[in-house]
Amino acid sequence: MKKFNVGIIGCGAIANQYIKNAKEVYSDYFTITALGDLRIENAQKYAEQYEIEKFGPPEMVYDDPTIDLIINLTVPMVHEEVTVRALEAGKHVYTEKPLACSREGMKHILEVSKKTGKRVGCAPDSFMSAPAQTAKKALEDDWIGAPIGANAICAMRGNEYWRPDADFFYQKGAGPMMDMAPYYLNSFISLLGPVDSVMTMSKITWPERTIKVPPRRGEKIQVEVPTYVSSIMRFQNGVIATFVNSFDIWKTTSPYIEIYGEKGTMVIPDPNRYKGDVLIRRFKDSEFHVLPQFIEYATYGRGIGVVDMIRSIDADVPHRASAEMAYHATDVILAMDEAGESHKELKIESTAEQPSGLWNTPETILWK
Ligand SMILES: NC(=O)c1ccc[n+]([C@@H]2O[C@H](COP(=O)([O-])OP(=O)(O)OC[C@H]3O[C@@H](n4cnc5c(N)ncnc54)[C@H](O)[C@@H]3O)[C@@H](O)[C@H]2O)c1
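Here the structure is a predicted model, which is why all the values come from computation and not from measurement.

Cut-offs used in this document
- Residues numbered from 1 in each chain as written.
- Predicted model: local features only at pLDDT ≥ 70, side-chain atom pairs only at ≥ 80, totals over all residues.
- Helix = DSSP H or I, 4+ residues; strand = E, 2+ residues; numbered from the N terminus.
- Rg over C-alpha atoms; globule rule 2.2 N^0.38 Å.
- Buried ≥ 20, exposed ≤ 12 C-beta atoms within 10 Å, placed from the backbone.
- Expected span 1.5 Å × (residues − 1).
- Near = placed C-beta within 6 Å.
- Nonpolar A, V, L, I, M, F, W, Y, C, P; charged D, E, K, R; others polar.
- Contact = placed C-beta atoms within 7 Å.
- Pairing = 2+ DSSP bridges.
- Axes fitted to C-alpha atoms, helices over the stretch in contact; angles between N-to-C directions.
- Domains from an automatic or database assignment.
- Core = buried A, V, L, I, M, F, W, Y, C linked by C-beta atoms within 7 Å.

Novice: Give a description of the overall build of the protein that names residues and reports values.
Specialist: Within the protein one finds nine helices and 17 strands. The globule rule puts the C-alpha radius of gyration for 368 residues at 21 Å, and the 20 Å found for the protein is close to it. In terms of overall dimensions, the protein has a C-alpha envelope of 60 × 55 × 35 Å along the principal axes. Counting over 368 residues, the protein shows a buried share of 48%.

Novice: Account for helix α9 (residues 323-342), naming residues and giving values.
Specialist: Given a rise of 1.5 Å per residue, 20 residues ought to cover 28 Å, and the 28 Å separating the end C-alpha atoms of α9 matches this to within 8%. Two residues or fewer after α9 comes histidine 343, characterised by a positive phi angle close to 60°.

Novice: A description of the site of the ligand should follow, citing residues and the corresponding values.
Specialist: Every one of the 19 residues lining the ligand counts as a neighbour, but Gly10, Gly12, Ala13, Ile14 and Glu96 are closest to it. Class assignment of the residues belonging to the shell around the ligand gives a composition of 11 nonpolar, four polar and four charged.

Novice: Pulling in residues and values, what's your account of unusual backbone geometry?
Specialist: Keep in mind that most residues, glycine aside, have a negative phi and that most peptide bonds are trans. Residue proline 98 follows lysine 97 across a cis peptide bond; omega there is -10°. In this model, proline 214 is joined to proline 215 through a cis peptide bond whose omega is 5°. Relative to the helices and strands, proline 215 is located in the loop between β9 (208-210) and β10 (220-222). Its identity is not glycine, yet glutamate 51 carries a phi of approximately 55°, on the positive side. Assignment of secondary structure puts glutamate 51 in the loop between α2 (40-50) and β3 (54-56). Positive phi, normally seen in glycine, also occurs at lysine 284, with a value near 80°.

Novice: Break down the environment of arginine 302 for me, citing the residues and quoting the values.
Specialist: Secondary-structure assignment places arginine 302 in the loop between β16 (289-290) and α8 (304-315). Note: C-alpha distance between arginine 302 and tyrosine 18 (284 residues apart in sequence) is 6.0 Å. Apart from residues lying up to four places away in sequence, arginine 302 is in contact with Gln17, Tyr18, Asn21, Ala123 and Asp125.

Novice: Talk me through the environment of asparagine 5; I want residue IDs and the actual numbers.
Specialist: On the secondary structure map, asparagine 5 appears in strand β1 (residues 4-9). Here the alpha-carbon distance between asparagine 5 and phenylalanine 30, two residues 25 residues apart in the chain, equals 5.9 Å. The residues touching asparagine 5, leaving out its near neighbours within four places in the chain, are Thr31, Thr33, Thr66, Ile67 and Asp68.

Novice: Tell me about the sheet that holds strand β11 (residues 228-235), and name the residues and values.
Specialist: As summarised here, the arrangement of the nine strands in space is β16-β15-β14-β13-β7-β12-β11-β8-β17, forming an open sheet in which the pairing is mixed. Each edge of the open sheet carries a strand with a single partner, namely β16 and β17 (346-347). Sheet topology note: the strand β8 (residues 195-203)/β11 ladder contains eight bridges and is antiparallel. Looking across to β11, one finds that serine 197 is bridged to arginine 234. Contacting β8, β11 and β17, α9 crosses the sheet at an angle of about 50° to β8.

Novice: Go over the domain arrangement of the protein with me, naming the residues and quoting the values.
Specialist: Quite often, the size of an interface is put as the accessible area lost when its parts meet. With domains assigned, the protein is organised as domain 1 (4-122) and domain 2 (128-294 + 327-350). Each of domain 1 and domain 2 has a C-alpha centre, and these two points are 27 Å apart. Between domain 1 and domain 2, the contact holds 10 residues from the first and nine residues from the second. Of the residues belonging to the side of domain 1 that touches domain 2, the class tally is eight nonpolar, no polar and two charged.

Novice: Account for the nonpolar core, naming residues and giving values.
Specialist: If you look at the biggest cluster of nonpolar residues, it comprises 105 residues, and the most contacted ones within it are Ile8, Leu35, Met266, Val332 and Ile333. The residues that make up this core include at least three from each of domain 1 (4-122) and domain 2 (128-294 + 327-350). Once you skip the residues sitting within four places of it in the chain, isoleucine 8 turns out to touch Ala15, Tyr18, Ile32, Leu35, Ile71 and Leu73.

Novice: Now, about the sheet that holds strand β2 (residues 30-36): what can you tell me, with residues and values included?
Specialist: The six strands lie next to each other as β3-β2-β1-β4-β5-β6, forming an open sheet whose pairing is parallel. Two strands close off the open sheet at either side, each with one partner strand: β3 and β6 (120-122). If you compare each strand with its neighbour and ignore which way they point, the axes differ by 25° on average. Here four bridges tie β1 to strand β4 (residues 69-72), and the two strands are oriented parallel to one another. When the sheet's bridge partners are listed, glycine 7 is paired in β4 with isoleucine 70. α2 rests against β2 and β3 of the sheet, and its axis sits at about 160° to β3.

Here you go:
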């Protein structure tokens, strides 16, 4: 199959993982050939570190005729603008989450993708990690029987404890919901299918936060979005899940995700990571035990969604981290925000195909 030339737009914190993994794990599928950023020094830093020849302003990447696909690693507020610009330049796009910050923005992206015939994929791709796929396979092979309910918690205390630039995390477009919920929603959609309705209670616990680290230690941040959000989801298959998502919690002993089946319970590790044990306890088991993982590539991380997209373009089949799945996940997240204000159960208008397990794509590093 054709190896893709890939450009990155947005060379901040997370770009490091993408560039490193592209070199070390995914080099059979794509090569990062150009880096673009409004702050050229950010692109230059990675270009020098990873010996990438081309770097410069974003236009350099959009206008490069040798590039097949652009990875959009800019901040969420400009995801729509950058993704649309890249599609119009004739490139496929894989973007970090969220797809866009509003339903209108996401619809715009889907329209331009359709018009240009170029594909859009969207992170998080951690639902394709070894533990997440192990859990999916066990579920589909009936290890815990038909799922009845689920429980998830994302417990964090706030980025101002380690990031001096934490302001963004408390503004509209971020908060625990837009920043962290995509990991949980993608996992849930992969494991249980699309969501039918949601109910939520939420609050802004502290309207003002204080940055704890230099050089801005002591500066105040105004909080625009709820930081304690407790939701209930009903899935189209009838499963009911509770989901607590917060930037107010010091620590918890609760598992990240649990699924309760008619024959047993499964515990799934952090959906924001690519490692960890899946635990299972079935009728008559005296304790939880670790499920063996099927995938030999324990080191892979962000970027597997890009590989799956490139393979799927080559094979002319749908890719798993699709724009439709990202639209549905973000639609649910926005509905949780709205339900927190209206105190009503809200029907989810969008839906998405449940992505198939990676074991259905044979002969690939995705599943060995
Ligand atoms: N940092 C993380 O741990 C992390 C983890 C997973 C996902 N993400 C997601 O990755 C994305 C980027 O996050 P980050 O932490 O790397 O952000 P960042 O602020 O560190 O980097 C963003 C970069 O994008 C550049 N940029 C902004 N607007 C641009 C534009 N219009 N054109 C070109 N470049 C532009 C900035 O100059 C900056 O270099 C976000 O969507 C975030 O949700 C981040």
